[in-house]
Amino acid sequence: MTAVGEQLCYVDAYATTTEARVVAVEAGHAVGVVLDRTVFYPGGGGQPSDRGLILRAGDGRTWTVRAARKAEGEIVHDLEPDATDPPAAGDLVTVDLDWARRHALMRTHTALHALCGVVWRDYGAQVTGGNMEPGAGRMDFEFERMSGDLVDTIEATVNAELAAERDVRVDVLPRAEAFAIPDLIRTKVNLLPEGIETIRIIEIVGLDLQADGGTHVANTREVGRIRVTGYESKGRINKRIRIALEDQARAPA
Ligand SMILES: [Zn+2]
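Residues numbered from 1 in each chain as written. Predicted model: local features only at pLDDT ≥ 70, side-chain atom pairs only at ≥ 80, totals over all residues. Heavy atoms only, no water.

**Student:** Got a sec to walk through the overall build of the chain? Specific residues and values, please.
**Tutor:** Along the backbone of the chain there are five helices and 15 strands. A globule of 253 residues ought to have a C-alpha radius of gyration of about 18 Å, and the chain, at 19 Å, matches this closely. Taken along the three principal axes of its C-alpha coordinates, the chain extends 60 × 45 × 35 Å. Sequence separation of at least 24 residues holds for 65% of the intrachain contacts in the chain that already meet a minimum separation of 6. Total accessible area computed for the chain in this model is approximately 11900 Å², and 50% of it derives from carbon and sulfur atoms. In the chain, 29 positive and 39 negative side-chain charges are present, and the distance between their average locations comes to 5 Å. (Helix = DSSP H or I, 4+ residues; strand = E, 2+ residues; numbered from the N terminus. Rg over C-alpha atoms; globule rule 2.2 N^0.38 Å. Contact = heavy atoms within 4.5 Å. Areas by Shrake-Rupley, 256 points an atom, 1.4 Å probe, with all protein chains shown as cover. Lys, Arg positive; Asp, Glu negative; His and termini not counted. Charge placed at Lys NZ, Arg CZ, Asp CG, Glu CD.)

If you want it as structure tokens, here you go:
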């Protein structure tokens, strides 16, 4: 099934709200709402989905959206499990995402790509996985010679790259064109399923290029500074580096 809903998160990461029409409502364990347009990110690539609200224009009624997900190409907004009297197909609504949380995720996601870019450029180590929450994240690398001293250097280098105010660009390329970019091969773009004909690329200009579905800030200056909060060996080759945004790391829990 081809998605009918417009998915604004992939083209404008700064869109926080939109009006929309309810297309379908799935009843079940949790109520899932499909809209003809949304700003919600459905999760994926280590970035959690957005949270927020759906507000019905007709009567001002609001529902909390606790998560979003992709199902058959559509972004489904999951309401609280105890949501009663959900919106109905045809309702005109406003959908609002929790911007403070999303923006922290965007800053964190871009910080993790800067980390990948530095580790690849300076040490030739490939990323094998990653995950994040708002303000903090981790990346796993095939990085046999990682050490505490190296991690300090990496932290300083990443902060210098972020301070260099590099633009972050989003591009969508035909599969063949994306496969011709040598830097993309290292992120295992060749593992993408056959059916995918276009590939979305996130470029931190001059530093990093990755196939990625997530949301990012427009310039590295918006990330600020990061701190390496930990590193671990997950085996002889596989190493994990944990980072936090410096302003978030300082904030009380
Ligand atoms: Zn990413």
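**Student:** Run through helix H1 (residues 99-123), naming residues and quoting values.
**Tutor:** Across its 25 residues, H1 extends 35 Å between first and last C-alpha, which sits within 8% of the 36 Å expected from 1.5 Å per residue. H1 sits mainly inside the fold: 20 of its 25 residues count as buried. Two or three places before Ala100, at the opening of H1, Asp98 has a side-chain oxygen 3.4 Å from that residue's backbone nitrogen. Backbone geometry just downstream of H1 places Gly124 in the positive-phi region, at approximately 65°. (Expected span 1.5 Å × (residues − 1). Buried < 20%, exposed > 50% of the residue type's maximum accessible area, 1.4 Å probe, protein only. Polar contact = N/O pair within 3.5 Å; in protein donor to acceptor, adjacent residues only side chain to side chain.)

**Student:** An account of the sheet that holds strand S10 (residues 136-142) is needed here, citing residue identities and associated values.
**Tutor:** Strand order in the open sheet formed by four strands is S9-S10-S15-S14, with antiparallel pairing between adjacent strands. Taken across any chain shown, the strands that pair with only one partner, and hence form the sheet edges, are strand S9 (126-133) and strand S14 (226-233). When strand polarity is set aside, the average angle formed by the axes of neighbouring strands in this sheet is 20°. As paired elements, S14 and strand S15 (residues 238-245) share seven bridges and run antiparallel to each other. Along S15, the bridge assignment pairs Arg227 with Ala244. In this fold H1 packs onto S9, S10, S14 and S15, with an angle of close to 25° to the strand it touches most, S10. (Pairing = 2+ DSSP bridges. Axes fitted to C-alpha atoms, helices over the stretch in contact; angles between N-to-C directions.)

**Student:** Could you give me a rundown of the side chain of His77, with the residues and numbers involved?
**Tutor:** As for its position among the elements, His77 is in strand S7 (residues 74-79). If we ignore the near neighbours within four places in the chain, the residues touching His77 are Val31, Gly32, Val33, Leu35, Thr38, Phe40, Ile54, Val65, Ala67, Ala68 and Val95.

**Student:** Can you explain the coordination of the zinc ion? Please cite residues and give values.
**Tutor:** Coordination of the zinc ion by the protein comes from His109 (NE2), His113 (NE2) and Asp212 (OD), over a distance range of 1.9 to 2.1 Å. Along the chain, the residues donating to the zinc ion fall in the pattern H-x3-H-x98-D. You can see His109 sitting in helix H1 and its partner Asp212 sitting in the loop between strand S13 (208-211) and S14, a full 103 residues away along the chain. Taken individually, His109 and Asp212 each receive the classification buried, so the pair is uniform in this respect. (Donors = N, O, S within 2.8 Å, 3.2 Å for Na, K, Ca; no water.)

**Student:** Account for the nonpolar core, with residues named and values stated.
**Tutor:** Membership of the largest hydrophobic core comes to 34 residues, with the highest contact counts inside it found for Leu115, Phe141, Phe143 and Ile154. When residues of this core are traced back to their parent elements, those giving at least two are H1, S9, S10, helix H2 (148-163), strand S12 (198-204), S14 and S15. Per-element accounting of this core gives the leading share, 10 residues, to H1. What Phe141 contacts, discounting residues up to four positions off in sequence, is Leu115, Cys116, Val119, Ala125, Gln126, Val127, Thr128, Ile237, Asn238, Lys239 and Ile241. One finds Val33, Phe40, Ile54 and Trp63 within the second-largest nonpolar core, a separate group that totals 18 residues. (Core = buried A, V, L, I, M, F, W, Y, C linked by side-chain atoms within 4.5 Å.)

**Student:** Before we move on, could you go through the sheet that holds strand S8 (residues 92-97) and cite the residues and values that matter?
**Tutor:** The sheet built from six strands closes into a barrel, its strands ordered S2-S3-S7-S6-S5-S8 with antiparallel pairing. Pairs of neighbouring strands in the sheet enclose a mean axial angle of 45°, with direction left out of account.

**Student:** So what's going on with H2? Residues and values would help.
**Tutor:** Under the 1.5 Å per step criterion, the end-to-end length of H2 is 23 Å for 16 residues, consistent within 8% with the ideal 22 Å. Leu150, Val151, Ile154, Thr157, Val158, Asn159, Glu161 and Leu162 are the residues of H2 that are buried. The elements touched by buried residues of H2 are H1, S14 and S15. Phi for Glu165, located one or two positions after H2, is positive at around 55°.

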